[in-house]
Amino acid sequence: MVGSNARYARYVAIAVFTLAIFYFMTSPDHETIPLQRPPSHPASRPPGSEVPPSHSPADEISPPHRKESDDQVTLQKPSHDDEKDFPLAMSPMDPNWDDDIVGLARGPRMNATFVTLARNSDVWEIARSIRQVEDRFNRRYNYDWVFLNDQPFDDTFKEVTTSLVSGKTHYGQIPQEHWSFPEWIDQERAKKTREDMSARKIIYGDSVSYRHMCRFESGFFFRQPLMMNYDYYWRVEPSIELYCDIHYDPFRVLHENGKKYSFVLSLYEYVETIKTLWDSTKKFMKNHPEYIAADNSMKFLSDDGGETYNRCHFWSNFEVGSLNWLRSKPYIDYFESLDKDGGFFYERWGDAPVHSIAAGLLLNKSEIHFFNDIAYYHVPFTHCPTGEKHRRDLRCHCNPKENFDWKGYSCTSRYFEVNDMEKPDGYKDQTK
C-alpha cells in the first residue's frame, strides 16, 4: 500500500513538472501587440526585389520598433495595386475620409521615408519632433526614418529614436567629401567672408558648419546610400510642431498627382546671404535652356521676367518631395554649377533658395504643391490653416492669429496668384 501511494505521488509530480515545462515553453515573458501591416502584393514587386528571410514582409506580423544596420537596408517595394480600392480622401466631403483616424490606415504605402540631419546632442529636440510626426500621422502609416550625421550616432541617440519611430530607423554617417570644403574653394577668401558677415551680425555669417549643412542639403542628402532606397522623402528637423491631424498620406498626394516638390511656408531670403546666387542661376539658364520647364514658376521668383531675383523661396526645413527629381540630371547639373561658383562659402547660400529656384525653373507649376492641411511650426514661423471650420475638421490647436501665410514677409500669397488659386475665406483677417 505504501509502495502504491509512492508510485501515485511520483506520477503526480511528473505530471505537474511536465505541465510546468509546457507552460513556460509556450508562454511569452510579456504580452506583445503585433503591428498589423496593410496587405502586400508580391506579384507587384519588380524582379530582384524579393525580401530576404531576415526582413519581415509587410504583410507579416513584425515588432513595431526595429533598427537596420547603419550601412545596409533591405526593403520591400511598396504596391500601388490597391490605390483604386482605397481612393485618397483629401477633405471631409470625400467618401473615404477617415474621421476617427485610429488604427493603421488602409490603402497602399509609397516607397518613402522621413529624413533628419541631426547631431547626437539634438536627441531630445528630435525626440519631440518624432512624437509630433508619429502622433499626428505616422503611427497609422509606419514609414521608415533615416537619420544622417557627419559624426557616428551614439547609442543613446539610436535607442531613443528607435523607440519612438513606428517604422524602421536607419542611421548613416555622411562622408567627409560631402561635409567639407571642395578643393576649388579659396580658403582665405572664404574666411574673409565669414569675418565680414560676423562683423555685420548676419545670422550664421561666421559659421563653417552651417555652410557645410546648406551645401549638403542642396546637393548630397538625397544621394546618401541609405536614401537611394527610396523614391520620396519628408524632411523633419528638431523642435518642430504639427498642430493638426493629418488625415491622408502626403506621399500618396505627390505620387498620384504627379507632384515633385511641396511646402507649407514661404518667405523672402536675407539678401546679404545670396548676392550672386541669381547671377549664377542666370548663367546656368543660359547654358542649359533645355532644362527650363515650359510652364515654370518664374513669376514666383522674379518680378521682371528673370532679370533679378525677388528672393521668394519655400522654407525647406519642411518639404515633402521626389528623390528621383533631385537625383535627375537637370537638378544635379544645376547644383554642380552653383557649387563650382563657390557661393556656399564665398557668401552663405542656403538650401532653401537653391531648392526653390530649382523647383521654380525646372518643374512645371503643376508639379509643386502647397500642403495647407499640414499645420506646422519651426521657430519663428507658423503655418495654421485658414478657416475655422477647416481647423476644427483637422482638430488643430494652432492660433490662427499666428498664421504667417498672408503676412507681408510671406510669399504664399504670391504663390496663390501665380497659380491662379483662390485664397481661402478669412485670409484678409490674417494679413496684419
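Coordinates for the structure precede this section.
Note that this is a predicted model, so its numbers are computed, not measured. (Residues numbered from 1 in each chain as written. Predicted model: local features only at pLDDT ≥ 70, side-chain atom pairs only at ≥ 80, totals over all residues. Heavy atoms only, no water.)

(A) Up close: the nonpolar core. Within the largest apolar cluster, 59 residues are counted, with the highest numbers of intra-cluster contacts made by F221, W325 and Y331. Ignoring anything within four residues of it in the chain, the contact list for W325 reads K260, Y261, Y331, H355, A358, A359, L362 and L363. One finds A105, A118, L254 and F318 within the second-largest nonpolar core, a separate group that totals 42 residues. (Core = buried A, V, L, I, M, F, W, Y, C linked by side-chain atoms within 4.5 Å. Buried < 20%, exposed > 50% of the residue type's maximum accessible area, 1.4 Å probe, protein only. Contact = heavy atoms within 4.5 Å.)

(B) Expanded view of the packing of aromatic side chains. Considering all chains together, one arrives at 46 aromatic pairs under this definition. Above the ring of Y346, the side-chain terminus of R189 is found at 3.7 Å from the ring centroid. One cation-aromatic arrangement involves K340 over W184; the distance from NZ or CZ to the ring centre is 3.7 Å. (Phe/Tyr/Trp six-rings, centres within 6.5 Å; stacked < 30°, edge-to-face > 60°. Lys NZ or Arg CZ within 6 Å of the ring centre and 35° of its normal.)

(C) Summary view of the layout of surface pockets. Space inside the largest pocket adds up to approximately 1300 Å³. Around the largest pocket, the lining comprises 46 residues; the ones closest to its centre are Y204, Y210, M213, E237 and H378. For the lining of the largest pocket, the secondary-structure elements that each account for two or more residues are β2 (112–117), α2 (123–136), β3 (144–149), α5 (208–219), β8 (266–268), α12 (351–362) and β12 (376–378). Looking at side-chain class alone, the lining of the largest pocket contains 25 nonpolar, ten polar and eleven charged residues. (1 Å grid on protein atoms, 1.4 Å probe; cavity = no way out; pocket = protein on both sides within 12 Å on 5 of 7 lines; lining within 4 Å. Points joined across faces, edges and corners; volume = space filled by probe spheres on them. Helix = DSSP H or I, 4+ residues; strand = E, 2+ residues; numbered from the N terminus. Nonpolar A, V, L, I, M, F, W, Y, C, P; charged D, E, K, R; others polar.)

(D) How the structure looks around the packing of α2 against helix α3 (residues 155–164). Interaxial distance between α2 and α3 falls to 9 Å at its minimum, and their mutual angle equals 10°. Considering their axes alone, α2 and α3 lie roughly parallel with respect to each other. Contacts between α2 and α3 involve V123, W124, I126, A127, I130, R131 and E134 from the former and T156, F157, V160, T161 and L164 from the latter. Considered class by class, the residues forming the contact of α2 with α3 number eight nonpolar, two polar and two charged. (Axes fitted to C-alpha atoms, helices over the stretch in contact; angles between N-to-C directions. Parallel < 35°, antiparallel > 145°, perpendicular 65-115°, else oblique.)

(E) Region of interest: the sheet that holds strand β13 (residues 381–383). Read across the open sheet, the three strands follow the order β6-β12-β13; overall the sheet is antiparallel. Every interior strand has two partners, whereas the edge strands, β6 (241–242) and β13, have only one. In terms of strand pairing, β6 meets β12 through two bridges, oriented antiparallel. Bridge pairing in β12 links L242 to Y376. (Pairing = 2+ DSSP bridges.)

(F) Layout of helix α10 (residues 329–341). Taking 1.5 Å of rise per residue, 13 residues should cover 18 Å, and α10 covers 18 Å from first to last C-alpha, within 8% of that figure. Among the residues of α10, those classed as buried are Y331, I332, D333, Y334, F335, S337, L338 and D339. Where the residues of α10 are buried, they touch α5, α7 (277–287), α9 (323–326), α11 (343–346) and α12. Of the residues trailing α10, G342 is marked for its positive phi of about 80°. (Expected span 1.5 Å × (residues − 1).)

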